[in-house]
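Residues per chain are reported as follows:
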Amino acid sequence: MDLQIAMLLAQDGIVNGAVYGMMALALVLVFSVTRVIFIPQGELVAFAALSMAALQAGRAPQTLWLLLVLAALALVVEAWRWKRGAQVDWPSTLVWTVLIPGLASALVSLRPDALALQTLATLLLVTPLGPLLYRLAYRPLADATVLMLLIVSVALHGVLVGLGLLFFGAEGSRTAAFSELRLEWGGMTISGQSLVVVGVAFSLVAVLFLFFGRSIVGKALRATAMNRVGARLMGIPTELSGDVSFALAGLIGAVSGLLIAPLTTMYYDTGFLIGLKGFVAAIVGGLASYPLALAGALLVGQLEAFASFWASPFKEVLVFTLIIPVLLWRSLNSHHVEDEE
Amino acid sequence: MTSRRLTVLFVAALALAWGWLPEYSITLLNYIGLYALVAAGLVMLTGVGGMTSFGQAAFVGLGAYATAWVCTSAVVGEALGGFVAPAALPWLGLMLGLALTSVVAWALGSITLKLSGHYLPLGTMAWGLSLYFLFGNLEFLGGYTGISGIPPLTVAGVSLAEPRLLGLVIWAALLLALWALHNLLDSREGRAIRALKTSRVMAESMGVDTARYRVKVFVLAALLAVLSGWFYAHLQRFVNPTPFNLNVGIEYLFMAVVGGAGHLWGAVLGAALITLLKAKLQDVLPQLLGATGNFEVIVFGLLMLFVLQRFAQGLWPSLARIAQRFLKPEVPAPAVVASTLDQRALPDAGQVVLEARAVTKRFGGLVANDAVTMNVKAGEIHALIGPNGAGKSTFFNMVSGVDDPTSGEVVLMERAMRGHPARDFALLGLSRTFQHVRLLGTRSVLENVALGAHRRGRSGWLAAMLRLDRAQELALRNEARRQLERCGLAAHADAPASSLALGQQRVIEIARALASQPAVLLLDEPAAGLRHLEKQALATLLRQLRAEGVGILVVEHDMEFVMNLADRITVLEFGSVIASGTPAEVSVNPRVLDAYLGGNEAWTEAAA
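What counts and what doesn't
- Residues numbered from 1 in each chain as written.
- Chains lettered and ligands numbered in written order.
- Predicted model: local features only at pLDDT ≥ 70, side-chain atom pairs only at ≥ 80, totals over all residues.
- Helix = DSSP H or I, 4+ residues; strand = E, 2+ residues; numbered from the N terminus.
- Buried ≥ 20, exposed ≤ 12 C-beta atoms within 10 Å, placed from the backbone.
- Contact = placed C-beta atoms within 7 Å.
- Rg over C-alpha atoms; globule rule 2.2 N^0.38 Å.
- Nonpolar A, V, L, I, M, F, W, Y, C, P; charged D, E, K, R; others polar.
- Pairing = 2+ DSSP bridges.
- Axes fitted to C-alpha atoms, helices over the stretch in contact; angles between N-to-C directions.
- pLDDT = per-residue confidence, 0-100.
- Parallel < 35°, antiparallel > 145°, perpendicular 65-115°, else oblique.
- Left-handed = near helix turned anticlockwise from the far one by under 90°.
- Expected span 1.5 Å × (residues − 1).
- Core = buried A, V, L, I, M, F, W, Y, C linked by C-beta atoms within 7 Å.

*Asks:* Got a minute to help me understand the overall build of chain B in this structure?
*Replies:* Within chain B, the secondary structure is distributed over 25 helices and 14 strands. Along the three orthogonal principal directions, the C-alpha set of chain B runs to about 90 × 55 × 55 Å. Expressed as a percentage of the 608 residues in chain B, the buried residues total 51%. Look at the contacts in chain B between residues 6 or more apart in sequence, and 76% of them connect residues 24 or more apart.

*Asks:* Explanation requested: the overall build of chain A in the structure shown.
*Replies:* Helix and strand counts for chain A stand at 15 helices and 2 strands. Here the C-alpha atoms of chain A give a radius of gyration of 20 Å, agreeing with the 20 Å that 2.2 N^0.38 yields for 341 residues. By its C-alpha atoms, chain A is 70 × 60 × 35 Å across when sized along the principal axes. Counting the 341 residues in chain A, one finds 48% classified as buried.

*Asks:* Would you mind showing me how to read the interface of chain A and chain B here?
*Replies:* A common way to express how large an interface is: the accessible area buried when the components associate. Facing the 43 residues of chain A at the interface are 45 residues of chain B. Counting residues per element, the ones that place at least two in the side of chain A that touches chain B are α7 (146-168), α12 (270-284), α14 (315-321) and α15 (323-332) of chain A. The element that contributes the greatest number of residues to the side of chain A that touches chain B is α7(A), accounting for 16 residues. Here the side of chain A that touches chain B is built from residues that sort into 32 nonpolar, 6 polar and 5 charged.

*Asks:* Teacher, can you tell me more about the environment of G575(B) here?
*Replies:* Residues and elements named next belong to chain B. Turning to its location among the elements, G575 is positioned in the loop between β13 (568-573) and β14 (576-581). Taking the C-alpha atoms as reference points, G575 and T394, separated by 181 residues in sequence, lie 9.1 Å from one another. If near-sequence neighbours (up to four positions away) are discounted, G575 is found in contact with V367, A368, N369, D370, A390 and G391.

*Asks:* Explain the sheet that holds strand β11 (residues 520-524) of chain B to me, please; I cannot follow it from the model alone.
*Replies:* Backbone-to-backbone hydrogen bonds join strands into a sheet, with any given pair of strands oriented parallel or antiparallel. All names here are of chain B. Spatially, the 6 strands line up as an open sheet ordered β10-β11-β12-β7-β13-β14, and their pairing is mixed. Each edge of the open sheet is held by one strand with a lone partner, namely β10 (430-432) and β14. Neighbour-to-neighbour, the strand axes of the sheet open up by a mean angle of 15°, direction not taken into account. Bridge count between strand β7 (residues 381-385) and β13: 4 bridges; the pairing is parallel. From the neighbouring strand, A383 faces β13, where its bridge partner is I569.

*Asks:* Help me understand the confidence of the model for chain B in this model?
*Replies:* Any segment with low pLDDT has predicted coordinates that should not be analysed in fine detail. All names here are of chain B. In this model, chain B carries an average pLDDT of 89, and 97% of its residues clear a pLDDT of 70 or more. Residue range residues 600-608 is modelled with pLDDT below 50. Its contacts to residues more than four positions away, or to other chains, number 1 contact. Here the prediction assigns the complex a pTM of 0.89, and the interface score ipTM is 0.88.

*Asks:* Looking at this model, I keep getting lost on unusual backbone geometry. Mind explaining?
*Replies:* Among all residues save glycine, negative phi is the norm, and among peptide bonds the norm is trans. Of note, R237(B) is a non-glycine position whose phi angle comes to about 65°, a positive value. Among the secondary structure elements, R237(B) is positioned in the loop between α10 (210-236) and β4 (238-239).

*Asks:* For this particular structure, what's the right way to read the pairing of β13(B)?
*Replies:* As a general feature of sheets, a regular strand has side chains that alternate between the two faces. All names here are of chain B. Counting buried positions over the 6 residues of β13 gives 5, a clear majority of the element. One ladder, built from 5 bridges, connects β13 with β14; its direction is antiparallel. Note that in β14 the partner of E573 across the bridge is S576. Between β13 and β14, which follow one another and run antiparallel, lie 2 residues, and F574 among them has a positive phi close to 45°.

*Asks:* Can you help me understand the packing of helix α2 (residues 41-56) of chain A against α12(A) in this one?
*Replies:* Residue and element names in this part refer to chain A. Look at α2 against α12: their axes get within 7 Å of each other, and the N-to-C directions meet at 135°. The orientation of α2 with respect to α12, classified from their angle, is oblique. Judged by the twist between their axes, the crossing of α2 over α12 is right-handed. Where α2 abuts α12, its residues Q41, G42, E43, V45 and A46 lie against T270, G271, F272, L273, I274, G275, L276 and G278.

*Asks:* Help me understand helix α5 (residues 89-112) of chain B, please; the structure alone is not making it clear to me.
*Replies:* With 24 residues, α5(B) should cover 34 Å at 1.5 Å per step; its first-to-last C-alpha distance of 34 Å lies within 8% of that length. When we look at burial in α5(B), the residues that qualify are L89(B), P90(B), G93(B), L94(B), L96(B), G97(B), T101(B), A105(B), L108(B), G109(B), I111(B) and T112(B). Contacts from the buried residues of α5(B) go to α15 of chain A together with α3 (56-72), α6 (119-137) and α10 of chain B.

*Asks:* Looking at this structure, I do not really get the environment of G158(A). What am I missing?
*Replies:* With respect to the helices, strands and loops of the structure, G158(A) is situated in helix α7. In this structure the C-alpha to C-alpha distance between G158(A) and F309(A), which are 151 residues apart in sequence, comes to 32 Å. G158(A) has contacts with I250(B), V297(B), F300(B) and G301(B), leaving out every residue within four places of it along the chain.

*Asks:* Whenever I open this one, the packing of helix α3 (residues 63-83) of chain A against helix α6 (residues 129-138) of chain A confuses me. Can you help?
*Replies:* A packed helix pair is summarised by two numbers, namely the angle formed by the two axes and the spacing between the axes. All names here are of chain A. The geometry of α3 relative to α6 is characterised by a closest axis approach of 10 Å and an angle of 45° between their N-to-C directions. By the angle between their axes, α3 is oblique relative to α6. Here the hand of the crossing between α3 and α6 comes out left-handed. Only L129, L132, R135 and L136 of α6 make contact with α3, whose side of the interface consists of L67, L70, A71, L73, A74 and V77. Here the residues of the contact of α3 with α6 are counted per class, giving 9 nonpolar, no polar and 1 charged.

*Asks:* What's the story with the pairing of strand β2 (residues 188-191) of chain A in this structure? I'm lost.
*Replies:* Residues and elements named next belong to chain A. Two strands pair when backbone bridges link them, and strand β1 (residues 182-185) and β2 are joined in this way by 4 bridges, in the antiparallel orientation. Bridging from a neighbouring strand, W185 pairs with M188 of β2. As consecutive antiparallel partners, β1 and β2 are separated by 2 residues, and within that stretch G186 has a phi angle of approximately 55°, a positive value.

*Asks:* Would you mind going over the sheet that holds strand β8 (residues 407-412) of chain B with me for this structure?
*Replies:* Residues and elements named next belong to chain B. One open sheet holds the 4 strands; their spatial order is β6-β5-β8-β9, and the pairing between them is antiparallel. Strands with a single pairing partner mark the edges of an open sheet, and in this sheet they are β6 (366-377) and β9 (415-416). Relative to β6, strand β5 (residues 352-363) is paired through 8 bridges, and the arrangement is antiparallel. Along β6, the bridge assignment pairs R362 with V367. Its contacts with the sheet place helix α15 (residues 392-399) against β5, β6 and β8, and it is angled at close to 120° to β5.

*Asks:* Please explain the environment of A416(B) as it appears in this structure.
*Replies:* Residues and elements named next belong to chain B. Looking at where A416 falls in the secondary structure, it is placed in strand β9. Each C-alpha atom, one on A416 and one on A36, is 49 Å from the other, the two residues being 380 residues apart in sequence. Aside from chain neighbours lying at most four places away, what touches A416 is E409 and V411.

*Asks:* Even after reading the chapter, I still don't get the nonpolar core, so can you show me in this structure?
*Replies:* Soluble globular proteins tend to bury their nonpolar side chains together. Core analysis: the biggest nonpolar cluster contains 303 residues, and A24(A), V280(A), A39(B), A40(B) and A267(B) have the highest contact counts within it. With 18 residues, α10(B) is the single largest residue contributor to this core.

*Asks:* For this particular structure, what's the right way to read helix α5 (residues 115-126) of chain A?
*Replies:* Two residues of an α-helix separated by three or four positions point the same way, owing to the 3.6 residues in each turn. Residues and elements named next belong to chain A. Between its terminal C-alpha atoms α5 stretches 17 Å, which fits the 16 Å expected from 12 residues at 1.5 Å a residue. If you check which residues of α5 are buried, you get Q118, A121, T122, L123, L124, L125 and V126. Considering only its buried residues, α5 is in contact with α2, α3, α4 (90-109), α6 and α11 (238-260).

This is the structure in structure tokens:
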């Protein structure tokens, strides 16, 4: 390997690492606030990428049907709960079940040619899936154990992968790049797309940082993450934290899908692997620390890039085996037994 | 008709029908048997032990590939050609599979199981994926094409190439495994396993090494998967990586959860349901949707979501409830002669059994305990009192090993206990109750109490599976019953623990602590929730224990109870000792009166 290849691999690693980093952020966010290990995060990435590809091919992505069905179901469930005397937060419910799906339908039916409108349509299609899935699948079990919620996640993952195959078929797709720019730097070519990926990833981190540090909703989410019951007693509604964290997860999933689709061919089940690599990164951070999770993501990206050069068939094995030393280290530092929540 | 008879009847009917069933039914039944073996392991893991794994398919794969490689590889053939007859090769393959899996599962378990519960499933997910890619990329295992030409099993010269014959062996193995697991759960070790799911802190305080038990349950589940994989390889006579992928691992979990993750027969029910449904869906769905692919996973996922939201315990308990109406309760098995339990020699009265030396505990900036020094002697009742938030429960956790002090030393039976887990405290003769009752609510009162005597028995997992532990099990149950009688709860021995009133549940905790025959007994607010007569009975019991030489440390808010009972009293306020001495001394101490009755003017006025 010469320096040029090494630089190329490192660049690849940074770009992929940035995407895994976004996955890891979403996973840590959802887990710390709701205790849900959100396995379907990766499916949202695939849905976004393949919806964008469908839009660019001039077709209406079938994700729209999924969105409309979920929205209708959620509306029925909320109405039924309301009728039985439960508190229902109608404004947010209508945003997720009527407003955004309506906008998404309108935009999709226009068959937009402009990249920006296609991007917006994809974001509107995929983001609401987060809160809708939360309301339909997780909220009824909000008091269940972490383990139960994880099993729900896995069931949901199964449903979404199956639907992905149904919607998009077994063939892979790529989308047009957001930037065709090519930079020559020190004998190395840097594609504009990879700059876009890294730039968006870092801006997202910055925005999240401000959101959690400055905004009242962000602070409420942090409070919920630290002590669920305490936060509820202080008047922070659990529903809000669920909605917001899953909406952020949906948004991050959609953005990641849009970013990675021009760089690699996406299949209906590619998202799962991307999500799992985000998990490896998140586990490095103990499912709690954002900066550590990001560092983990860059590590995973580099490991994968260099493994694909040296031991290509075993690159997945190597990436997933990374969690073993991490878990071992964490395990050696834990002494006392605690009961499961 | 009892449930035992119904089981025998089901097995007999299956055996009788076996020869007449059509080929296709036999094929399905064989697969149900194979899957149920794996699902039974998951029941032990998920429903009983409170852990889970998505990587069971990878363990099945290890079992299948181990025997496939041993039976077909030229290298193995050359190396063993002279010594091992070809018919013995599959058995060698089984041994290899079991050995490999024990090592992998033990390693994977021991690094993840000390951490919180979600690390194991995430670890198994990574492991399941890795193994799939590994199988697919290893040249000597045939890559993604796999290994063909695996010979059939032969037992005593009879070839089991015929699926109908092999199926008999598979089902016999499944039923044997279910019997052994059932026996295991109905034993001393089974009680400890059941405590893993919700009550690890309590189990540790009863002397159970919960991390070790968790690893053992995980290894057991993995070994059952290997057995299934071994049968699979010799049934199919061909292996490739596909049936051992992560999504199949998830399917196994579906089986356990849909069937009923807390019940062994739930595994069989779940395996049957999912297998039959899958066979049907693979016919119907592609026609319906006009495309080919694994669409059944959509239905399975939705089914699972529905089951989890509506029947959190799976389908088996609902089925069992209906059956209960027609079944008579089980008659207890014929008595064996109870063996004797280990007895502890209690220290002489007056000897210091538990000592705290300048114990300090900080949580960040908060000092919960500040240099607390006190001791408990054999044959005395020492009361620890103080206002709410004085640090009594924190102190309790440190002298019972649930938590480590930031500085200072806890000495139990003249041994420094820094860094020792709660189970070591239990082993030295300390037993405790919890302020927030920690019982296994769905298990009987008797079983809960018997858990306290855990370390007084010795029989292990194998003995329990083969029912060689009955004499000891009876002794443990007798001991539990004796303690219940002593505490006045004998009438409730067979009721589920959660059905009793909270005050009575506290007494169950006392009985459980007594079942360990403690030298030091720590009671956290034992009289809370008791009525007057019950309090008197409790006081009588504690006096009796004191006379026997037990050292008792009690945290209690009921002053009348404490003043009449305690030999010595230590008073905590804001984490420090403000007074100690006899009840008479403490009750006139100005600082104590201040802490309890005044000091804070606003509070006094509000109370007035």
